[in-house]
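Chain residues, written in single-letter form:
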Amino acid sequence: MSVSEQFKPAFLEDVVGDRFGRYSKYIIQDRAIPDVRDGLKPVQRRILYAMYESGNTPDKSYRKSAKTVGDVMGNYHPHGDASIYDGMVRMAQPWKMGHVLIDGHGNWGSIDDDPAAAMRYTEARLSHIAMELLRDIEKETVLFRPNFDNTEDEPTVLPARFPNLLVNGVSGISSGFATEIPPHNLREVIQACIAAIDNPNISLDELMQIIQGPDFPTGGIIMGEEGIREAYQTGKGRIYIRSKTEIEDMRGGRQQIVITEIPYQIVKSRLVTAMENIRLEKKVDGIAEVRDESGREGMRIVVELKKDADATGILNYLFKKTDLQVTYNFNMVAIVNKAPQQLGLKPMLESYIAHQKEVVTNRTRYDLNKAEDRAHVLEGLVKALDILDEVIATIKASKNRQDAQHNLMEKFQFTERQADAILTLQLYRLTNLELTSLNKELSEIQKKVAELRAILDSEKKLLSVIKKELNEIRDRYGIDRRSVVQGEVEEIKVNLEVIVNAEDVIVTLSNEGYIKRTSQLSFTRSGGEWEKSGVKDGDFIRHIFEVNTLDRLLIFTKRGQYFSLPIHLVPEFKWKDNGTAIVNVIPIAKEDRIVSVIPIKSFDSEQASLLFVTRRGQVKRTLLKEYETKRTGAVAACKVADNDELLSVMTSDGEMDLLLVSNQGMAIRFLEGEVNPMGRAAGGVRGMQLKDDDEVAAAIRVSGEEGEITVLTDLGWSKRSLLLDYPTQGRGGKGMATFEFKEGKRVKPNGTKLVGAYFSKAAYPITLVTDSGKLHQLITEHAPLMDRKSQGRAAITLDKNEHVIDTLVIAPLSV
């Protein structure tokens, strides 16, 4: 045989695609997704059927789980024993199943995620309600198919005398499909089935009057009526499950939170650990102890609080940060006619009702065949007893049994079945009493045949049988609802006071971007001097704030972005420490730079706004409340043009004037009210008309006529002018001269540009920073008082080729 005859060429993608397609089809149909009719995955169906076949029923004693697993694996499920035992374990756990299908004896795990004991140690039998899934299976109610090795037959689906898919729910993941169907209340689901039988055109709203929503075995509070409705309509939806909690008063004025029900599929031990970690890490100030007091009486988790702690606030924090409240996403996918489908509530009920019609029809047909056969036999016996002497004579005259059967059929027109029954008739049946009982039995069986035929001939009677049997199951196994359905989703509001211990602190930010939070105690112990804060060599403090840990810092950058930084998230250091680089606290880009930092106590004010000024003279005013955010990343604060950058941001009430001073010594004063409030991401309007080579050097808020304006140049010259000399103009003009630069070869220069401008009514120090890294200080009062358009005087002495590049006021600012 040549090589070409042994191998056939094929494309890899075709081969892989074909194989994976087969694999996907298998795991969707035969592993992970339940059948819409009985709500079972194949492994669950095989476990229940194997236990039924082996007589492992509720009326018998428990049997080792390993025996069941062996039977299932050997006869029906050619996979690992672990997957079979895992399926058994889930069906035996009351915190996962609405109604357990397996009655387990021994250690079957716990809600704390403790594993079940090995299968060789545990025992099990079918539960009473599981028998309802299997009832009538021997009456040819469902189709059977050969098992994997053709040695046995297994059911393709169980008769399922109650809607197990909705009652017990299911969870599974396959290739390309997943399913998540929550458990529901048995009484409600059966009542909805009956309503759908009575009115095939029943609306979803009418069904939802009966089925309020899921009913989880672990109880809890379900929030989100809209989510339930969406799920029942489309098969997909979201709800919130909240633990059942209560705040109890204790002695000594203290309180405790008691949790008696937790959300479905949440591991209790992990939930307790998560709450204990919150206490240990002091994420919430007020939790004294977390205890799990669960026992035979039921679940009870206690969160003991410290005196004067905000119990409601702490509970809301726990709802938000732990699994005390979780989201549950419906994804109701089931196998319908061998294919996965996403189903709403009504299609699920319709599929189940159609299955029950088929089951009851097959059972009725089976019972009818049995009854007709028995009636046929009884008719022959009654007829034979009427002509008993002749029948006996015929039998006596026959050669053997076969001849006697043939003679009876020939002489009296008995059928083969009747003749055989006559020959096996016992002599005591010839008494008058037995003859009466035969006639009575014949009458009853004929009546039964008529009833069975009526069921098969009338869909109305067929449906009434289904309804009657469903009602029996509802009355026998129905339980009260465990989960409470709440229409509205409660918004969880956590006050910052709950998370953070309110404390007055000092926050500093250095020129090189090192930030720290210091307690008032550390500041006092270090000497209580503002200028003595620890910094790296060559660095200096640029901002100092006396704030509270409940406040926030709004940090603005030259690109027009801002960060909202809660004070309590600023790392704490001693006053003499350098602090940490701000990039460790907020994700500011390398090429970006901080231009303003504003501490904020509250965003509630309707009047407060922020005033933005760019280098190219654009101004913008936006209400402060628009900058409230919980995002930790950069947020757009102001639109900045490509050739521009943000100069400064300041708080404003719209009642004062804004004075802009340019590098080339021009100034303009106009009303803040001329800048109308705009949106957060707006670019603003023109505040000052500048020459191409000019830009804004400083922006100052001023009011009235009292006070002075101090300006400083890059060569350290300065002068003061009266605010009165700066009359109010219209926004967007060129302004007026505020400084005269000296020009000429023989004239000592006073600077090439202004680097700062300040407003003062009382004296305070201004810090001047040179390009060599030196710091100089100038008291505003020491600057000479001159006309608005004057040349100023030298305020500090600089080295040759040294220039002032920056000016600032370093002083603690209270919020």
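How each quantity is defined
- Residues numbered from 1 in each chain as written.
- Predicted model: local features only at pLDDT ≥ 70, side-chain atom pairs only at ≥ 80, totals over all residues.
- Heavy atoms only, no water.
- UniProt positions renumbered as here; feature names shortened; annotations may be inferred.
- Helix = DSSP H or I, 4+ residues; strand = E, 2+ residues; numbered from the N terminus.
- Buried < 20%, exposed > 50% of the residue type's maximum accessible area, 1.4 Å probe, protein only.
- Contact = heavy atoms within 4.5 Å.
- Areas by Shrake-Rupley, 256 points an atom, 1.4 Å probe, with all protein chains shown as cover.
- Salt bridge = Lys/Arg side-chain N within 4 Å of Asp/Glu carboxyl O.
- Pairing = 2+ DSSP bridges.
- Axes fitted to C-alpha atoms, helices over the stretch in contact; angles between N-to-C directions.
- pLDDT = per-residue confidence, 0-100.
- Phe/Tyr/Trp six-rings, centres within 6.5 Å; stacked < 30°, edge-to-face > 60°.
- Core = buried A, V, L, I, M, F, W, Y, C linked by side-chain atoms within 4.5 Å.
- Parallel < 35°, antiparallel > 145°, perpendicular 65-115°, else oblique.
- Nonpolar A, V, L, I, M, F, W, Y, C, P; charged D, E, K, R; others polar.
- Left-handed = near helix turned anticlockwise from the far one by under 90°.
- Patch = residues over 30% accessible without salt bridge, like charges linked within 9 Å, V, L, I, M, F, W, Y side chains within 5 Å.
- Expected span 1.5 Å × (residues − 1).
- Polar contact = N/O pair within 3.5 Å; in protein donor to acceptor, adjacent residues only side chain to side chain.

- Looking at an unreviewed UniProt entry, one finds the protein chain named DNA topoisomerase 4 subunit A, with Paenibacillus apiarius as its source organism.
- For the protein chain, the Function (unreviewed entry) comment in UniProt is given as "Topoisomerase IV is essential for chromosome segregation. It relaxes supercoiled DNA. Performs the decatenation events required during the replication of a circular DNA molecule."
- Its UniProt record gives the protein chain the following Catalytic activity (unreviewed entry) comment, quoted word for word: "ATP-dependent breakage, passage and rejoining of double-stranded DNA."

## Comments concerning the overall build of the protein chain
Item 1. The secondary structure content of the protein chain amounts to 20 helices and 41 strands.
Item 2. The buried share of the protein chain, taken over its 815 residues, is 48%.
Item 3. For the protein chain, the proportion of contacts with a sequence separation of at least 24, taken over those separated by at least 6, is 71%.
Item 4. Carbon and sulfur atoms make up 47% of the accessible area of the protein chain, which totals about 40400 Å².

## Quick notes on the pattern of salt bridges
Item 1. One pass over the full model with this rule turns up 48 salt bridges.
Item 2. Note that aspartate 136 is salt-bridged to arginine 363, the shortest N-O span being 2.9 Å. One end of the pair, aspartate 136, is in the loop between α6 (128–134) and β4 (144–146); the other, arginine 363, is in helix α13 (residues 345–386), with 227 residues separating them in the sequence. Arginine 363 carries the same exposure label as aspartate 136, and that label is buried.
Item 3. Linking glutamate 441 and arginine 374 is a salt bridge whose minimum nitrogen-to-oxygen distance equals 2.9 Å. Note that glutamate 441 is positioned in helix α17 (residues 432–457) and arginine 374 in helix α13, a separation of 67 residues in sequence.
Item 4. A cluster of three or more residues bridged by salt bridges with shared partners is formed by Glu248, Arg254, Glu289, Arg291, Glu293, Arg300 and Glu304.

## What about the sheet that holds strand β38 (residues 775–779)?
Item 1. Taken in spatial order, the three strands make up an open sheet running β38-β37-β40, and their pairing is antiparallel. Edge positions in the sheet fall to β38 and β40 (804–808), since each has one partner strand and no second. Across the sheet, the axes of successive neighbouring strands diverge by a mean angle of 30°, strand direction being ignored.
Item 2. Across five bridges, strand β37 (residues 765–770) lies against β38 in antiparallel orientation. Residue pairing in the sheet places threonine 767 in a bridge with glutamine 777 of β38.

## Some words on the confidence of the model for the protein chain
Item 1. Here the protein chain averages 89 in pLDDT, and 97% of its residues register 70 or above.
Item 2. Summarising per-element confidence for the protein chain, the mean pLDDT is lowest in strand β41 (residues 812–814) (46) and highest in strand β3 (residues 123–126) (96).

## Some thoughts on the packing of aromatic side chains
Item 1. Scanning all chains against the criterion turns up 15 aromatic pairs.
Item 2. A centroid spacing of 4.8 Å and a plane angle of 80° characterise the contact between phenylalanine 523 and tryptophan 575, whose relative ring orientation is edge-to-face. Of this pair, phenylalanine 523 sits in helix α20 (residues 520–525) while tryptophan 575 sits in the loop between β22 (561–566) and β23 (580–581), and the two are 52 residues apart along the sequence. Tryptophan 575 shares its class with phenylalanine 523; the two are buried.
Item 3. By the ring-pair criterion, three or more aromatic residues cluster together here, those being Phe216, Tyr232, Tyr264, Tyr328 and Phe330.

## Comments concerning the sheet that holds strand β33 (residues 708–713)
Item 1. Read from one edge of the open sheet, four strands run β36-β33-β34-β39, paired in antiparallel fashion. Each of the sheet's edge strands pairs with one partner strand only, and the pair in question is β36 (754–760) and β39 (793–794).
Item 2. Across two bridges, the pairing between strand β34 (residues 717–722) and β39 is antiparallel. The partner of tryptophan 717 across the bridge, within β39, is alanine 794.

## Side note on the nonpolar core
Item 1. Of all hydrophobic cores here, the largest spans 108 residues; its most connected members are Leu48 and Leu101.
Item 2. Of the residues forming this core, the biggest block, nine residues, is contributed by helix α8 (residues 186–198).
Item 3. One finds Val377, Leu381, Leu408 and Phe412 within the second-largest nonpolar core, a separate group that totals 21 residues.

## Considering the packing of helix α3 (residues 42–53) against helix α5 (residues 81–92)
Item 1. Running from N to C, α3 and α5 cross one another at 80°; their axes reach a closest spacing of 9 Å. Considered as vectors, α3 and α5 are oriented roughly perpendicular to each other. Contacts between α3 and α5 involve Val43, Gln44, Ile47 and Leu48 on the former and, on the latter, Ser83, Ile84, Gly87, Met88 and Met91.
Item 2. Class assignment of the residues belonging to the contact of α3 with α5 gives a composition of six nonpolar, three polar and no charged.

## Details of the packing of helix α14 (residues 388–397) against helix α15 (residues 401–412)
Item 1. The interhelical angle for the contact between α14 and α15, taken along N-to-C directions, is 135°, at an axis separation of 9 Å. What the angle tells us is that α14 and α15 run oblique. Note on packing geometry: the crossing formed by α14 with α15 is right-handed. Across the interface between the two elements, Glu390, Val391, Thr394 and Ile395 of α14 pack against Asn407, Leu408, Lys411 and Phe412 of α15.
Item 2. For the contact of α14 with α15, a count of residues per class yields four nonpolar, two polar and two charged.

## Some details on the UniProt feature "site: Interaction with DNA" (unreviewed entry) in the protein chain
Item 1. UniProt's entry tags Lys41, His77, His79, Arg90 and Lys96 with the feature "site: Interaction with DNA" (unreviewed entry), counted in the numbering of this structure. In sequence the annotated residues extend across 56 residues, and in space they extend as well, their farthest C-alpha pair lying 23.8 Å apart.
Item 2. Topologically, arginine 90 is positioned in helix α5.
Item 3. Residue class for arginine 90 comes out partly exposed when judged on its relative accessible area of 21%.
Item 4. Other than its neighbours up to four places away in sequence, arginine 90 contacts Lys96, Met97, Tyr264 and Gln265.
Item 5. Topologically, lysine 96 is positioned in the loop between α5 and β2 (102–105).

## Focus: the UniProt feature "active site" (unreviewed entry) in the protein chain
Item 1. In the numbering used here, UniProt assigns the "active site" (unreviewed entry) feature to Tyr121.
Item 2. Position of tyrosine 121 relative to the elements: it lies in the loop between β2 and β3.

## A closer look at a nonpolar patch on the surface
Item 1. Nonpolar side chains collect at one region of the surface, where Leu12, Val16 and Phe20 lie side by side and expose about 320 Å² of accessible area between them.
Item 2. The residue leucine 12 is located in helix α2 (residues 12–32) in this model.
Item 3. With relative accessibility at 64%, the residue leucine 12 sits in the exposed group.

## Observations concerning α5
Item 1. In this model α5 runs 17 Å from its N-terminal to its C-terminal C-alpha over 12 residues, within 8% of the 16 Å that 1.5 Å per residue would give.
Item 2. Here α5 has its buried residues at Ile84, Tyr85, Gly87, Met88, Val89, Met91 and Ala92.
Item 3. Buried residues along α5 sit against α3, α4 (65–75), β2 and β3.

## With respect to the pairing of strand β14 (residues 325–331)
Item 1. Burial analysis of β14 places five of its seven residues in the buried class, which makes it a mostly covered element.
Item 2. As defined by bridge partners, strand β9 (residues 236–242) adjoins β14 across seven bridges and the pair is classed as antiparallel. Residue glycine 237 lies in a different strand from β14, and its bridge partner there is phenylalanine 330.

## Section: the environment of glutamate 289
Item 1. Mapped onto the elements, glutamate 289 comes out in strand β12 (residues 287–292).
Item 2. Judged by relative accessible area, glutamate 289 falls into the partly exposed class, the value being 34%.
Item 3. Each C-alpha atom, one on glutamate 289 and one on valine 303, is 5.9 Å from the other, the two residues being 14 residues apart in sequence.
Item 4. Not counting residues within four places of it along the chain, the set of residues in contact with glutamate 289 comprises Arg279, Val302, Val303 and Glu304.
Item 5. A polar side-chain atom of glutamate 289 sits 3.2 Å from a polar atom in the side chain of arginine 291.

## A few points about the environment of arginine 631
Item 1. Inspection of the secondary structure puts arginine 631 in the loop between β26 (618–623) and β27 (635–636).
Item 2. In sequence terms arginine 631 and proline 566 are 65 residues apart; their C-alpha atoms lie 11 Å from each other.
Item 3. A polar side-chain atom of arginine 631 sits 3.5 Å from the main-chain carbonyl oxygen of alanine 634.

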